[in-house]
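# Structure assessment
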Amino acid sequence: MSRPLFRPQPVAHLVAVVLALALLADAAGAAPTAEALGRVEAAIRRVAVEATPKTVCVRIDRGGKAAGFGSGAIVSAEGLVLTCAHVTEPAADGGRLVAVLPDGTEVGLSLVASNAKNDLSLCRLVGERRDWPAYTLAPTDPAVGDWVVALGHPGGPFADHQPTVAAGKVTAVGRSLPLMLQGKAYVGALQTDVPLFGGNSGGPLVDLEGRLAGINGAMLMVGDAAFAVAASRIARDLPALSEGKPVEGDDVGDLFSAMSDLASDLDPDALAEAFADDNLREVMRAVGSMQGMLGRDDHRKARRRGDDLGEAFPGPYAPAAEVLADGRRVAFATAMGVRGGRALFLTTSRAGTATGELRVRRAAGPGASAVDAVARVRGVDGEWDLALLDVATDAADEPAPAPAAAGSTTRGSFVVVPDASGRPTHAGVVAALGRTVGTERRVPTIGIVRLFQPAHTSPFRPYPAMTQVDAPFEADELGAPVLRPDGTLVGVAVAHFHGGATMVVPATVLTARVARLLDGIDSAAPPSYGPPPRSAPDRAARAARATARRRDADAVVLYVPTLAGVLRPAKLLDPEAGGDGPTAATASGGSALDLEAGDVLASIGATKTPTAAAARAAIAALALGAKTEVVLLRAGAPVRFAAEVREEAGEPRLTLTAQR
């Protein structure tokens, strides 16, 4: 594949917390305790607050409009700002650099000097101010296993101008990373597993004492590896750069050794396929073939943040439910309690509008009963990207999960995401709170790869005030609950924009949204792209669709065997107004056993069925294997069928077997 392999990662300034680093695990040792990670979390949260005013968004203007975004770290009271050379270079030849502060203020940036080869630039904030909040440079580089924090603007800035917070661990030091197409070389770099993305480039990597440990600049598209210019190199280059003297920089040197070091920690086969440069790809393949000969083909990785968080907070938690469409998982879902024999689940609106038969499956777990049944869609909330499903259950009423206590969730707080077994499948930190996504979210960001091609843009759909977390998600994992380590609910994950940007509907709004959906009130999504304004929605049509969906969800289903023996569902809906009983809206097929449009279900056995609910109750009262009679009215005349309760896909289904 010839996909870009590296992307620039700007992270913003972090100032932080005084915390003993003895609580951190070494690269190959055991995970720290929950108590130790609690102290790490407190440090990350403090760093996030203190570092925010020291972090800027760097905008590159060309031709009177924004051509890209990166990040930067203020490193002196006089307004010196460190960023990446690949962030400042696109402003050459008539471009302009602008620093956007966390309060939205814009200040011009002038380039002082660069080490272009090693991807470091020093700029100055234009103006007379000489009391800028600034980072202190760490006296030594962090060690493998240390926790670090990154701030920046991945995917470009949001309307709140606040830097996004991400956290992770140092997974290697002294890394050499050649970027041959761009003429850049990371030498003696820090490798971390902090989830970063285009727009993070030039932002700060901060230790837990709030000191600048590095400047983030590149990420590998495989192997959860991001790279930062280390504090030791910054300390070496900064005196000359401050005097306006360009620094020549260092080359990687032995390319094979550099690639071999990467391959010892990452999968060399995946690395080879990820490289866009043909020469590097071939070198990587040669390195991979040598690993086995050298006895280094186990690709032993340093401990990642997920290792520590998963082992310190193993749960078990209430398991995430799986949403299946025709037997294939399309999403997870978050349990919202049991009411009146119906178990409620929130998932994404995309899953709620999936075609095919929807089914919810959940294992029993702490405070959660087992569920495995066909689901009906109670409503779709397009504004918050939610759908409410419910399934029949004989479990007693259960309350909705407890939301995280006020104040327990701030930027930098740890979160975990349980899988279908109740064990953490993802973990990370809260990156932002109350984050609104605008209706036109296509922001160019500066990236190392394809530096001289059009700037990277990330598509976003609009959202209200969301909680953003840096835990990664696959598309079929959205809808899962995001929890604090104590098991309280932070919210429901509904979108994953890129590395470090998963959007979560806050738990504080879920109760009201569930109530609306239970009342059958649907909300359309706001416009996502395209030139505004858009025409007003057809509210009458929307209400009709909501009514039709509720009728469909309440339908009674009879099953008709095909010639191949497959059971085909035939739905009978309650009539919209009046009527004699559940009615088939469409014909189910052409055989003698098939229903015709307009057939009305009159009775099941000795039970009259004036409504779909009465029919479902009559079916539920039958035992597996029971035989009964089903009477339909066709053009007013009774049509009688023999029927049997058969098990299919793990549940009983009333199946027509013969016409009498």
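The rules behind each value
Residues numbered from 1 in each chain as written. Predicted model: local features only at pLDDT ≥ 70, side-chain atom pairs only at ≥ 80, totals over all residues. Heavy atoms only, no water. 1 Å grid on protein atoms, 1.4 Å probe; cavity = no way out; pocket = protein on both sides within 12 Å on 5 of 7 lines; lining within 4 Å. Points joined across faces, edges and corners; volume = space filled by probe spheres on them. Helix = DSSP H or I, 4+ residues; strand = E, 2+ residues; numbered from the N terminus. Nonpolar A, V, L, I, M, F, W, Y, C, P; charged D, E, K, R; others polar. Core = buried A, V, L, I, M, F, W, Y, C linked by side-chain atoms within 4.5 Å. Buried < 20%, exposed > 50% of the residue type's maximum accessible area, 1.4 Å probe, protein only. Salt bridge = Lys/Arg side-chain N within 4 Å of Asp/Glu carboxyl O. Phe/Tyr/Trp six-rings, centres within 6.5 Å; stacked < 30°, edge-to-face > 60°. Pairing = 2+ DSSP bridges. Axes fitted to C-alpha atoms, helices over the stretch in contact; angles between N-to-C directions. Contact = heavy atoms within 4.5 Å. Arc of directions from axis to C-beta. pLDDT = per-residue confidence, 0-100.

Moving on to the layout of surface pockets. Over the atoms rolls a probe the size of a water molecule, and in doing so it shows where empty space is left. Taken as a whole, the largest pocket encloses approximately 1300 Å³ of empty space. Forming the boundary of the largest pocket are 37 residues, of which Val-374, Ala-555, Val-557, Arg-616 and Glu-651 lie nearest the centre. Counting residues per element, the ones that place at least two in the lining of the largest pocket are β18 (371–374), β19 (376–381), α10 (539–553), β29 (556–561), β30 (567–573), α11 (612–620) and β36 (651–659). Residue composition of the lining of the largest pocket, grouped by class: 22 nonpolar, four polar and 11 charged.

Turning to the nonpolar core, a few remarks are in order. Counting residues in hydrophobic clusters, the biggest one holds 84 residues, and the most contacted among them are Leu-82, Trp-147, Ile-215, Phe-414 and Leu-510. The biggest single contributor to this core is helix α1 (residues 34–51), with seven residues. Counting residues in each nonpolar core, the second largest holds 22 residues, with Leu-558, Leu-572, Val-630 and Leu-654 among its members.

What the rule picks out here adds up to 37 salt bridges. The partner of Glu-89 in a salt bridge is Lys-184, and the shortest N-O contact between them spans 2.7 Å. Separated by 95 residues along the polypeptide, Glu-89 in the loop between α2 (85–88) and β5 (96–100) and Lys-184 in strand β10 (residues 184–192) bring together distant segments of the chain. Under the relative-accessibility criterion, Glu-89 is labelled partly exposed at 30%. On the basis of relative accessibility, which here comes to 7%, the residue Lys-184 falls in the buried class. Taking the shortest distance from any N to any O, the salt bridge between Asp-372 and Arg-359 comes out at 2.7 Å. Here Asp-372 is found in strand β18, whereas its partner Arg-359 is found in strand β17 (residues 358–362), with 13 residues between them in sequence. Accessibility expressed as a relative area gives 44% for Asp-372, which makes it partly exposed. Arg-359 gets classed as buried once you look at its relative accessible area, which sits at 10%. Bridged by salt links that share partners, the residues Arg-342, Arg-376, Arg-378, Asp-390 and Asp-554 form one connected network.

The final tally for this structure, using the stated rule, is three aromatic pairs. Look at Trp-147 and Phe-414: their rings are 5.6 Å apart centre to centre, the planes differ by 55 degrees, and that puts the pair in the tilted class. Remark: Phe-414 occurs in strand β21 (residues 414–418) and Trp-147 occurs in strand β8 (residues 147–152); sequence separation between them is 267 residues. The class of Trp-147 is buried, set by a relative accessible area of 2%. Take Phe-414: its relative accessible area is 1%, and that puts it in the buried class.

Turning our attention to the sheet that holds strand β20 (residues 386–392). Spatial ordering of the open sheet is given by β18-β17-β14-β15-β16-β20-β19, a layout of seven strands whose pairing is antiparallel. Edge positions in the open sheet fall to β18 and β19, since each of these has one partner strand only. Strand-to-strand twist across the sheet, computed as the mean angle between neighbouring axes with direction ignored, equals 30 degrees. Pairing of strand β16 (residues 342–348) with β20 involves seven bridges; the strand directions are antiparallel. Bridge pairing links Thr-347 to Ala-387 in β20. Each of β15 (328–339), β16, β19 and β20 is contacted by helix α9 (residues 507–518), which is oriented at about 120 degrees to β19, the strand it contacts most.

A cis amide bond links Gly-315 to the next residue, Pro-316, at an omega of 5 degrees. For Pro-316, the position within the fold is in the loop between α7 (305–312) and β14 (321–325). The phi angle at Asp-93 is positive, at roughly 60 degrees, despite the residue not being glycine. Mapped onto the fold, Asp-93 is located in the loop between α2 and β5. The exposed category is assigned to Asp-93, whose relative accessible area is 76%. For Asp-326, which is not glycine, the phi dihedral falls at a positive 50 degrees. Structurally, Asp-326 is set in the loop between β14 and β15.

This paragraph deals with α11. Because an α-helix packs 3.6 residues into every turn, residues spaced three or four apart end up facing the same way. Among the residues making up α11, those that are buried are Ala-612, Ala-615, Ala-618 and Ile-619. With its buried residues spanning 120 degrees around the axis, α11 presents them on a single face. Packed against the buried residues of α11 are β29, β32 (600–604), β33 (607–608) and β36.

This next bit is on the environment of Leu-573. On the secondary structure map, Leu-573 appears in strand β30. C-alpha separation for the pair Leu-573 and Arg-550, spaced 23 residues apart in sequence, amounts to 9.8 Å. Leaving out residues up to four positions away in the same chain, Leu-573 has contacts with Arg-551, Asp-552, Ala-555, Gly-581, Pro-582, Thr-583 and Ala-585.

To continue, consider α7. Turning to α7, its buried residues are Arg-305, Asp-308, Leu-309 and Ala-312. Angularly, the buried residues of α7 cover 90 degrees about the axis, an arc narrow enough to put them on a single face.

This part covers the sheet that holds strand β4 (residues 80–83). Ordered by their spatial adjacency, six strands build a closed barrel running β2-β3-β4-β7-β6-β5, and the pairing between neighbours is antiparallel. Each strand of the sheet is rotated relative to its neighbour by a mean of 40 degrees, with strand direction disregarded. Bridge count between β4 and strand β7 (residues 120–125): four bridges; the pairing is antiparallel. Each residue of the ladder has a partner; that of Leu-82, found in β7, is Leu-122.

This part takes up the environment of Ala-320. Along the polypeptide, Ala-320 turns up in the loop between α7 and β14. With 48 residues separating them along the chain, Ala-320 and Ala-368 place their C-alpha atoms 9.8 Å apart. Non-local contacts of Ala-320, meaning those with residues more than four positions away in its chain, are made with Phe-332, Ala-333, Arg-362, Pro-418, Asp-419, Ala-420 and Pro-481.

Before going further, it helps to spend a moment on the confidence of the model for the protein chain. Within the protein chain, residue pLDDT values average 83, and 81% of them lie at 70 or more. In this model, residues 1–28 is a region of pLDDT below 50 whose contacts with residues beyond four sequence positions or in other chains number 172 contacts. Overall, residues 448–455 carries pLDDT values under 50, and its contacts beyond four positions in sequence, including any with other chains, amount to 27 contacts.

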